[in-house]
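# Summary of the model geometry
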Number of protein chains: 2
Amino acid sequence: MIIATTPAQLIEALKPLHGDIGLVMTMGALHEGHLSLVEAARAESDHVVVSIYVNPLQFGPGEDFDAYPRDLEGDVAKLDGVDVVFAPTDEAMYPRNPLVRIDPGPVATVLEGKTRPTHFAGVLQVVHKVFNLVRPHAAWFGQKDAQQLALIRTMVADLNMPLDIRAVPIKRESSGLAMSSRNTYLSQTEKEQALALSRALEAGKRVALDGGSASQTLAVARESLTHAPGVKMDYLELVDRDTFMPLTESGNGLLVTAAWVGSTRLIDNLEVVIG
Amino acid sequence: MIIATTPAQLIEALKPLHGDIGLVMTMGALHEGHLSLVEAARAESDHVVVSIYVNPLQFGPGEDFDAYPRDLEGDVAKLDGVDVVFAPTDEAMYPRNPLVRIDPGPVATVLEGKTRPTHFAGVLQVVHKVFNLVRPHAAWFGQKDAQQLALIRTMVADLNMPLDIRAVPIKRESSGLAMSSRNTYLSQTEKEQALALSRALEAGKRVALDGGSASQTLAVARESLTHAPGVKMDYLELVDRDTFMPLTESGNGLLVTAAWVGSTRLIDNLEVVIG
């Protein structure tokens, strides 16, 4: 496995590789969710590149950019069957403050984008750069970051980027907690309190399965999360799976939520079908 | 020569081509300026793709999108040694109003961008899309659209796009008039009046060659254009060649101008060295 820390090193490392390259982009602090992405990429690619980069552009002021867990050595040890790890420095990724940027558009202004107004512009900038550097046949992303996934698909379509975007289901602890690098911030008590997110989504899903309407589904899920101890809801919404606009009638929906557990902000989502 | 009118047809036409693909993007109404780009691309590429597309996104309300000359058959007849012409329909290029867009940043707000506030966002969107569809080793652009060229270079650098951008000098009539598809709008009288643009730039250049300062160079060029009959100056500025910010001291400068001759808006530019 080659570890490249600059675009030039990456391009050099890719030269001898022939065939389809699969890409998995991460911010490190790898858990089973990431490893399931790598596995999916390996199954459909001749070679796999994993990027490990805590992208400053996608963190807002007061967010956890400095605190975000970084352990390149530990991460690399977890990777198997990966040809190249791209772990660039900030200077290599952003030799200057970029002048030309990706404008993520309206989907970036709702839900996560409301609380984190510059987040998705930063995500799309780095995703775009790494797509161009690696030139993969496909890239694998987790369904956990559902809105990010939708925006990346939109970018690829609107800019005719030459690759496929593949989604991999959320990996959960046996408790139901969605795996996240940010779970390392949680105390044992908080980890139990955090189960309220997945429980609220499941409560909503049961309503939908029983033939409940969109508003009934949403109300039950919100009620569940609102009364959970130690949890402060940021949002819990029922949206259309593709457009991320509110789903008020029947259709393929996604219950999406973000909440603070102590000082840690967590997200989760669950597919539901209304009607 | 294959003429592709959809991205799918283009990708199909590119499949059998091996080696380096050179790209020339045009809006058609081809003149010697365009053909010099094609020739430059041929000299350094195994294959050449020419796009011919009047991109609606780069025209503002009240501009000449409808009037812009279109003659695909005539254009194709002028092309020699070109493998593929990409002449897409609007529906093929923009199956929907794009949600994710290129934000061209600060350089797009001055000069051309001041008069045409949405112009460069539209240019970069279509350039970006065609780069992704053709995946050329290099693309050739005319120095005539100097600000466009600077923005495309900035986009390629800031987004790590995997190609080289090459500039080709302005082609001029023997009179000095910069070649432009929009020259077809000009009456014979207007064509003579339009010489005021290149004359003003040349007047400024003589001042610079004689050791004049930035402000002297600019003043003489402006004075020349301001008093030219039948011409209404939009702007005439002296800018840094790379940043397009005003050049007030010594350095590699560019005299850039836009002016209306009758109802036709023309642009021109000329390199000058101050100090």
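For every chain, the first residue of the written sequence is number 1, and numbering continues from 1 onward in sequence order. The order in which chains are written sets their letters, starting at A; the order in which ligands are written sets their numbers, starting at 1. In view of the model being predicted, local features appear only for residues whose pLDDT reaches at least 70, and side-chain atom pairs are presented and counted only at 80 or more, with totals across whole chains, interfaces and linings using the full set of residues. Values reported for side chains reflect all heavy atoms of the structure, with hydrogen atoms and water molecules removed beforehand.

Another point: the packing of aromatic side chains. Residue and element names in this part refer to chain A. Note on aromatic contacts: the rings of Phe and Tyr and the six-membered ring of Trp form a pair at centre separations within 6.5 Å, being stacked when their planes are under 30 degrees apart, edge-to-face when over 60 apart, and tilted otherwise. In total, this model carries six aromatic pairs over all chains according to the counting rule given. A centroid spacing of 6.3 Å and a plane angle of 65° characterise the contact between F131 and F141, whose relative ring orientation is edge-to-face. One end of the pair, F131, is in helix α6 (residues 119–134); the other, F141, is in strand β6 (residues 138–142), and 10 residues separate them in sequence. Comparing F131 with F141, the two get one shared label, buried. Taken together, the ring pairs in this structure connect F59, F65 and Y68 into an aromatic cluster. Its end group placed over the ring of W260, R265 keeps NZ or CZ at 5.6 Å from the ring centre. Elements are defined by DSSP. Helices are runs of H or I of four residues or more, strands are runs of E of two residues or more, and each kind is numbered from the N terminus. The rule is simple: take the accessible area with a 1.4 Å probe, protein chains only, and divide by the maximum for that residue type; under 20% is buried, over 50% is exposed, in between is partly exposed. When the NZ atom of lysine or the CZ atom of arginine is within 6 Å of a ring's centre and also within 35 degrees of its normal, the charge is said to sit over that ring.

Quick look at the relation of the copies chain A and chain B now. Fitting of the copies onto one another was done by least squares over C-alpha atoms, counting residues only where both copies have pLDDT of at least 70. The two copies are related by a screw motion: chain A maps onto chain B through a turn of 180° and a shift of 0.0 Å along the axis, at an RMSD of 0.0 Å. Overall, the copies show the geometry of a two-fold rotation axis. The contact rule is simple, with two residues in contact once any of their heavy atoms fall within 4.5 Å. Of all interface residues in chain A, 100% are interface residues in chain B too; the two copies therefore contact each other through one and the same surface.

So, about the sheet that holds strand β9 (residues 251–261) of chain B. Residues and elements named next belong to chain B. Strand order across the open sheet formed by three strands is β8-β9-β10, with antiparallel pairing between neighbours. Two strands in the sheet have a free side with no partner beyond their single neighbour: β8 (231–240) and β10 (264–274). Sheet twist, expressed as the average angle between the axes of neighbouring strands with direction ignored, equals 15°. Packed onto the sheet, helix α10 (residues 214–226) meets β8, β9 and β10 and runs at close to 165° relative to β8. By the convention used here, strands pair only if DSSP detects at least 2 bridges between them. Lines fitted to C-alpha atoms define the axes here, with helix axes fitted over just the stretch in contact, and angles between the N-to-C directions of these axes take values from 0 to 180 degrees.

Once that is clear, we can look at the UniProt feature "active site" (unreviewed entry) in chain A. Residue and element names in this part refer to chain A. UniProt positions are given in the numbering used here, feature names are shortened, and annotations may be inferred rather than shown by experiment. Within the UniProt annotation, "active site" (unreviewed entry) is assigned to H34. With respect to the element layout, H34 can be found in helix α2 (residues 32–43). Residue contacts for H34: discarding those within four places in its chain leaves T26, G28, A29 and S181.

Moving on to the nonpolar core. Grouping buried Ala, Val, Leu, Ile, Met, Phe, Trp, Tyr and Cys residues that are joined through side-chain atoms within 4.5 Å yields what is termed a nonpolar core. F131 of chain A together with F131 of chain B are the most contacted members of the largest nonpolar core, which has 97 residues in total. Beyond its immediate sequence surroundings of up to four residues, F131 of chain A is in contact with L23, M25, P136, A139, F141, I152, M155, V156, M161, L163 and I165 of chain A.

This brings us to the pairing of strand β10 (residues 264–274) of chain A. Residue and element names in this part refer to chain A. The buried fraction of β10 amounts to nine of the 11 residues, a majority that puts the element mostly inside the structure. Pairing between strand β9 (residues 251–261) and β10: 11 bridges, direction antiparallel. What sits directly across from G251, in β10, is I274.

On to the sheet that holds strand β8 (residues 231–240) of chain A. All names here are of chain A. On the basis of which strands lie adjacent, the open sheet formed by three strands has the order β8-β9-β10 and antiparallel pairing. Only two strands of the sheet have a single neighbouring strand rather than two, namely β8 and β10. Ignoring which end each strand starts from, the neighbouring axes of this sheet average 15° apart. Against the sheet, helix α9 (residues 195–209) touches β8, β9 and β10, its axis set at about 10° to β10.

The next point concerns helix α2 (residues 32–43) of chain B. Given the number of residues in a helix, its expected span is that number minus one, multiplied by 1.5 Å. Helix length check: α2 of chain B, at 12 residues, gives a terminal C-alpha distance of 16 Å against a target of 16 Å (1.5 Å per residue), a fit within 8%. Residues of α2 of chain B that are buried: G33, H34, S36, L37, V38 and A41 of chain B.

Take the side chain of H31 of chain A next. In this fold, H31 of chain A is placed in the loop between β2 (21–26) and α2. The exposure class of H31 of chain A is buried, given its relative accessible area of 19%.

On to the domain arrangement of chain A, then. Residue and element names in this part refer to chain A. Segmentation into domains, and thus their bounds, comes from an automatic or database assignment. Structurally, chain A comprises domain 1 (2–168) and domain 2 (181–268). A separation of 26 Å is found between the C-alpha centroids of domain 1 and domain 2. What gets called buried area is simply the loss in accessible area from a 1.4 Å probe that two parts show on being joined, summed for both. Between domain 1 and domain 2, roughly 1,500 Å² of surface is buried when both sides are summed, and carbon and sulfur atoms account for 58% of that area. R182 is the salt-bridge partner of D64, the closest N and O atoms lying 2.7 Å from each other. At the level of elements, α5 (112–115) and α7 (146–158) are the ones that each hand at least two residues to the side of domain 1 that touches domain 2. It is α7 that provides the largest number of residues to the side of domain 1 that touches domain 2, a total of three residues. Within the side of domain 1 that touches domain 2, the residues separate by chemical class into 11 nonpolar, six polar and five charged. Salt bridge, as used here, is a side-chain nitrogen of Lys or Arg placed within 4 Å of a carboxyl oxygen of Asp or Glu. Each residue receives one of three labels: charged for Asp, Glu, Lys and Arg, nonpolar for Ala, Val, Leu, Ile, Met, Phe, Trp, Tyr, Cys and Pro, and polar for the others, Gly being one of them.

Attention now goes to the environment of S45 of chain B. All names here are of chain B. Looking at the secondary structure, you find S45 in the loop between α2 and β3 (47–52). Sequence separation between S45 and H137 is 92 residues; the distance between their C-alpha atoms is 8.1 Å. Every residue in contact with S45, bar those within four places of it in the chain, is listed here: D20, I21, G22, H137 and W140. At a separation of 3.5 Å, a polar atom in the side chain of S45 contacts the main-chain amide nitrogen of G22. For the purposes of these results, a polar contact is taken to be a pair of N or O atoms within 3.5 Å, where, inside protein, one atom must be able to donate a hydrogen and its partner to accept one; residues adjacent in sequence count only when each atom of the pair is a side-chain atom.

All names here are of chain B. A positive phi angle, near 50°, is found at R135, a position not held by glycine. Within the element layout of this structure, R135 appears in the loop between α6 (119–134) and β6 (138–142). With a relative accessible area of 39%, R135 lands in the partly exposed category. A positive phi angle, near 55°, is found at N160, a position not held by glycine. Relative to the elements of secondary structure, N160 occurs in the loop between α7 (146–158) and β7 (164–168). Here N160 falls in the buried class, since its relative accessible area comes to 16%.

What follows is about the environment of L209 of chain B. Residue and element names in this part refer to chain B. For L209, the location among the structural elements is in helix α9 (residues 195–209). Assessed through its relative accessible area of 66%, L209 is described here as exposed. For the pair L209 and E73, spaced 136 residues apart in the sequence, the C-alpha separation amounts to 45 Å.

In this section: the interface of chain A and chain B. Chain A puts 27 residues into the contact, and the matching count from chain B is 27 residues. When the two sides are added together, the surface that chain A and chain B hide from each other amounts to roughly 2,500 Å², 55% of it contributed by carbon and sulfur. Applying the counting criterion to the chain A and chain B interface returns two salt bridges. Put simply, R96 of chain A and D158 of chain B hold a salt bridge, and the shortest N to O gap is 2.9 Å. Seen at the junction of chain A and chain B, the total is 15 residue pairs in polar contact (both at pLDDT 80 or more).

Turning next to the packing of α6 of chain A against α7 of chain A. Residue and element names in this part refer to chain A. Packing of α6 against α7 leaves a shortest axis separation of 11 Å and a crossing angle of 55°. Our classification of the angle between α6 and α7 gives oblique. The crossing of α6 and α7 is right-handed. Along the contact surface, α6 presents F120, V123, L124, V127, H128 and F131, while α7 presents Q147, Q148, L151, I152, M155 and V156. Across the contact of α6 with α7, the residue classes tally to nine nonpolar, three polar and no charged. Oblique is the label for any angle not under 35 degrees, not over 145, and not in the 65 to 115 range, which are roughly parallel, roughly antiparallel and roughly perpendicular in turn. Less than a right angle of anticlockwise turn of the near helix away from the far helix marks a crossing as left-handed, whereas a clockwise turn marks it as right-handed.

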